[in-house]
Amino acid sequence: MRRSSLFLIYLALNVVLLFFMFVHASYQREADARILAEKTEMVKRLQLTDLCLFTEASYTRHLSMADLHTPFQDSPMSLEHFPSGSLVMPPESIRKMNGKVD
Amino acid sequence: MVKWIDRQRNIIDFTLSSLFRRKGKNTALIAVYSLVIFVLASVVFFTYSIKKEASLILKDAPEIVLQRLVAGRHELIPLSYMNRIREIKGVSAVKGRLWGYYYDPIVGANYTMIAAEDGHLPPGRIAIGQGISRARLAFEGDTLEFKKHDGVLVHLEVKDILSSGSELVSSDLILISEDDFRALFGTSKDYATDLTVGVMNARELLTIAGKIAERLPDTRVILKDEILRTYDAVFNWRGGMLIVILLGALLAFIIFAWDKASGLSQEERREIGILKAIGWETSDVILMKFWEGMVISLSSFLTGVLLAYVHIFFTSSMLFEPVLKGWAVLYPHFKLIPFIDASQVVALFFLTVVPYTVATIIPSWRAATVDPDSVMR
């Protein structure tokens, strides 16, 4: 078989897989609708405010509830040291507050 | 048309033979290129999906959360504040939330304890998240030990394990009765952790928030909109590690493009000279180089994107897990819902395939327009 035929078959196969990626994503979104509703219901019932993504520190566990002091709770010169603190940005409310001095 | 297709196929045949002659170099190039696209696509898929999911999950979060601050720190809020808020026109509901953190020295993890609504859990019983169940190997009917604020140990029975589907919000949760919560932390009945406020008309939210802040100056008002924007901002492209990853990928692309645009190797220039000498036109050479760029970049792009999809949505972002986990002992096992659309893939295509292909063609066009004799020398 010609090399170009092999390449075009490979390309076509990948494009088909790319198409199926979108089909799978759409199918999965529908299949996960029940789980999403379950999470939404739990947020409403328990009045939750944050995702349980980073459990290592209170201000990364409840990002939207963190006050201005939390990253420095050990002492005034104790700089932020949790790995997830370098992954996420401070909540907008805090950045907005410091905007004038930054 | 058939003639045109045949011409393209002949050129692709020749291009592939040419690439196979430098098998080692090109295989390494495709591997690195695919890896860069894989990382970029993984970041795009992950951040977009988590932001979208957070916005859908938290759409029913409290409209206003009211914290009391003392010396800049979050303090318990007196329940008497509720009456002062109820007096504000437009307020539909005010509730006290009772929640806090409990450090478990056995596994070294922090749990989030929330007092369940009345009647949901009888005293002495708790419901725990999947993360705690895994960490403590605790299941329905088991008993967990907690140290009260006065040092006395208390045993609470696990009545329920929260569903695995809800791990993204509940992995580290312990639902407990209000009486047990107050007994555990020694919280007075007159205080709550914070208050949630509901409003009748969403358009009055800012006015009501302003009135609350005016009436209760020792409090901090957090709006639902701010909660939602928090998750939009934390996974923003400028956020921490993301910008490091993006900069790394960008730098790799600049090196690729620089390598291509800075000129051809002696061997490649000689090849072009020979092709011109045996009758190839400049357009044929450019077409060959176009296909060379396409073979490498398109193969890498499709491989990188498909692998990124598998990585994020089939393996639960396995490679990102150590980064997201940090020092946390409890980490939710969650599978993101694939919120992807064509615009993300198209943007990645234009950011990666197009610049590389263009960078391949330009130096070839320069080499192809000079005299073959001088190129071969």
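Remember, it's a predicted structure, so these values are computed and weren't measured experimentally.

Cut-off values and rules
Counting from 1, residues in each chain are numbered in the order their sequence is written. The naming scheme follows written order: chains are lettered A onward, ligands numbered 1 onward. The model is predicted, so local features are restricted to residues of pLDDT at least 70 and side-chain atom pairs to those at 80 or more, both for listing and for counting; the totals for chains, interfaces and linings are taken over all residues. As a rule here, side-chain values come from all non-hydrogen atoms in the structure, and water together with hydrogens is ignored. Under the DSSP-based scheme used, a helix requires at least four consecutive residues in state H or I and a strand at least two consecutive residues in state E, with every element numbered from the N terminus. Accessible area is worked out with a 1.4 Å probe on protein chains only. A residue is then buried under 20% of its type maximum, exposed over 50%, and partly exposed in between. Every residue pair with non-hydrogen atoms within 4.5 Å of one another is taken to be in contact. pLDDT measures the predictor's confidence residue by residue and takes values from 0 up to 100. Two parts placed together each lose some accessible area under a 1.4 Å probe, and adding up what both lose gives the buried area. Salt bridges are defined by distance alone: a side-chain nitrogen of Lys or Arg within 4 Å of a carboxyl oxygen of Asp or Glu. Two N or O atoms form a polar contact when they lie within 3.5 Å of each other; inside protein one atom must be a possible hydrogen donor and the other a possible acceptor, and for residues adjacent in sequence the pair counts only when both atoms belong to side chains. For this scheme, ten residues count as nonpolar: Ala, Val, Leu, Ile, Met, Phe, Trp, Tyr, Cys and Pro. Four count as charged, namely Asp, Glu, Lys and Arg, and the remainder, Gly too, count as polar. In this analysis, rings of Phe, Tyr and Trp, with Trp reduced to its six-membered ring, are considered paired at centre separations within 6.5 Å, and the interplanar angle assigns stacked below 30 degrees, edge-to-face beyond 60, and tilted for intermediate values. We count a charge as sitting over a ring when the NZ of a lysine or the CZ of an arginine lies within 6 Å of the ring centre and within 35 degrees of the ring normal. The set of buried Ala, Val, Leu, Ile, Met, Phe, Trp, Tyr and Cys residues whose side-chain atoms join them within 4.5 Å is what this entry labels a nonpolar core. By this definition, two strands are paired if DSSP reports at least two bridges between them. Throughout, an axis means a line fitted to C-alpha atoms (over the contacting stretch in the case of helices), and angles, computed between N-to-C directions, take values from 0 to 180 degrees. The span expected for a helix works out to 1.5 Å for each residue beyond the first.

Visitor: Let's hear about the overall build of chain A: which residues, and what values?
Guide: On a plain count of helices and strands, chain A comes out with five helices and zero strands. Secondary structure elements in chain A, listed N-terminal to C-terminal, are α-α-α-α-α. Counting over 102 residues, chain A shows a buried share of 45%. The long-range share in chain A, meaning contacts at least 24 apart out of those at least 6 apart in sequence, stands at 33%.

Visitor: Tell me about the confidence of the model for chain A, and please be specific about residues and values.
Guide: Looking at chain A as a whole, the pLDDT averages 80, with 67% of positions reaching at least 70. Of all secondary-structure elements in chain A, the lowest mean pLDDT belongs to helix α5 (residues 92–98) of chain A, at 59, while helix α1 (residues 3–31) of chain A reaches the highest, 93.

Visitor: For the interface of chain B and chain A, give the residues involved together with the corresponding values.
Guide: Listed per partner, the contact involves 92 residues of chain B and 62 residues of chain A. Considering only the surface of chain B that becomes buried against chain A, B:Arg9, B:Tyr231 and B:Trp327 emerge as the three largest contributors, covering 9% of it. The salt bridge partner of B:Glu53 is A:Lys39, with a shortest N-O separation of 2.6 Å. Our enumeration of links across chain B and chain A arrives at 24 residue pairs in polar contact (both at pLDDT 80 or more). Of the residues contributing to the side of chain B that touches chain A, the split by class is 51 nonpolar, 21 polar and 20 charged.

Visitor: Could you give an account of the packing of aromatic side chains, naming the residues involved and the relevant values?
Guide: Under the counting rule described, the total for this entry stands at 16 aromatic pairs over all chains. Each ring, one from B:Tyr33 and one from B:Tyr356, has its centre 5.0 Å from the other, and the planes form 55°; the classification is tilted. One end of the pair, B:Tyr33, is in helix α2 (residues 23–57); the other, B:Tyr356, is in helix α13 (residues 342–369), with 323 residues separating them in the sequence. On the basis of relative accessibility, which here comes to 0%, the residue B:Tyr33 falls in the buried class. Look at B:Tyr356 and you get buried, because its relative accessible area is 3%. Their ring planes at 55° and their centres at 4.8 Å tell us that B:Phe181 and B:Phe185 sit as a pair that is tilted. You can see B:Phe181 and its partner B:Phe185 sitting in helix α6 (residues 178–185), four residues apart, about one turn around the helix. Here the aromatic cluster, defined as three or more aromatic residues joined through ring pairs, consists of B:Phe45, B:Tyr309, B:Phe313 and B:Phe314. The cationic tip of A:Arg3 hangs over the ring face of B:Phe20; the distance from NZ or CZ to the ring centre is 4.4 Å.

Visitor: Could you give an account of unusual backbone geometry, naming the residues involved and the relevant values?
Guide: Excluding glycine, residues mostly have negative phi values, and the peptide bonds linking residues are mostly trans. Not every positive phi belongs to a glycine, and A:Gln47 is a case in point at roughly 55°. Looking at the element boundaries, A:Gln47 is found in the loop between α2 (33–46) and α3 (58–61). For A:Gln47, a relative accessible area of 15% corresponds to the buried category. Not every positive phi belongs to a glycine, and B:Ser316 is a case in point at roughly 55°. When its relative accessible area of 27% is taken as the criterion, B:Ser316 is described as partly exposed.

Visitor: Before we move on, could you go through the nonpolar core and cite the residues and values that matter?
Guide: Counting residues in hydrophobic clusters, the biggest one holds 82 residues, and the most contacted among them are A:Met21, B:Phe45 and B:Val305. Considering each element in turn, this core owes the most residues, 15 residues, to helix α11 (residues 282–313) of chain B. Beyond its immediate sequence surroundings of up to four residues, B:Val305 is in contact with A:Leu18, A:Met21, B:Ile37, B:Ala41, B:Phe45 and B:Leu348.

Visitor: Outline the sheet that holds strand β7 (residues 125–128) of chain B, listing residues and values.
Guide: Pairing between the strands of a sheet is mediated by backbone hydrogen bonds and can be parallel or antiparallel. Residues and elements named next belong to chain B. Judged by pairing direction, the sheet is mixed, and its six strands sit side by side in the order β5-β6-β10-β7-β9-β8 without closing on themselves. In this open sheet, the two strands that pair with only one neighbour each are β5 (99–104) and β8 (143–147). The average undirected angle you get between the axes of adjacent strands in this sheet is 40°. Bridge analysis of β7 against strand β9 (residues 153–161) gives four bridges, and the strand direction is parallel. Paired with Ala127 across the two strands is Asp160, which belongs to β9.

Visitor: Describe the confidence of the model for chain B, listing the residues and the values that go with them.
Guide: Here chain B averages 87 in pLDDT, and 96% of its residues register 70 or above. Across the whole predicted complex the pTM is 0.86, and at the interface the ipTM reaches 0.83.

Visitor: Could you give an account of α1(A), naming the residues involved and the relevant values?
Guide: The terminal C-alpha atoms of α1(A) lie 41 Å apart, and with 29 residues this matches the ideal 42 Å at 1.5 Å per residue to within 8%. For α1(A), every residue scored as buried is listed here: A:Ser4, A:Ser5, A:Phe7, A:Leu11, A:Asn14, A:Leu18, A:Met21, A:Ala25 and A:Gln28. Contacts made by the buried residues of α1(A) are with α1 (2–21), α2, α11 and α13 of chain B.

Visitor: So what's going on with the pairing of β9(B)? Which residues, and what values?
Guide: Residues and elements named next belong to chain B. Examined bridge by bridge, β8 and β9 share five bridges and lie antiparallel to one another. Among the inter-strand pairings, Glu145 is bridged to a residue of β9, identified as His155. Between β8 and the antiparallel strand that follows it, β9, lie five residues; Gly151 among them carries a positive phi value of about 90°.

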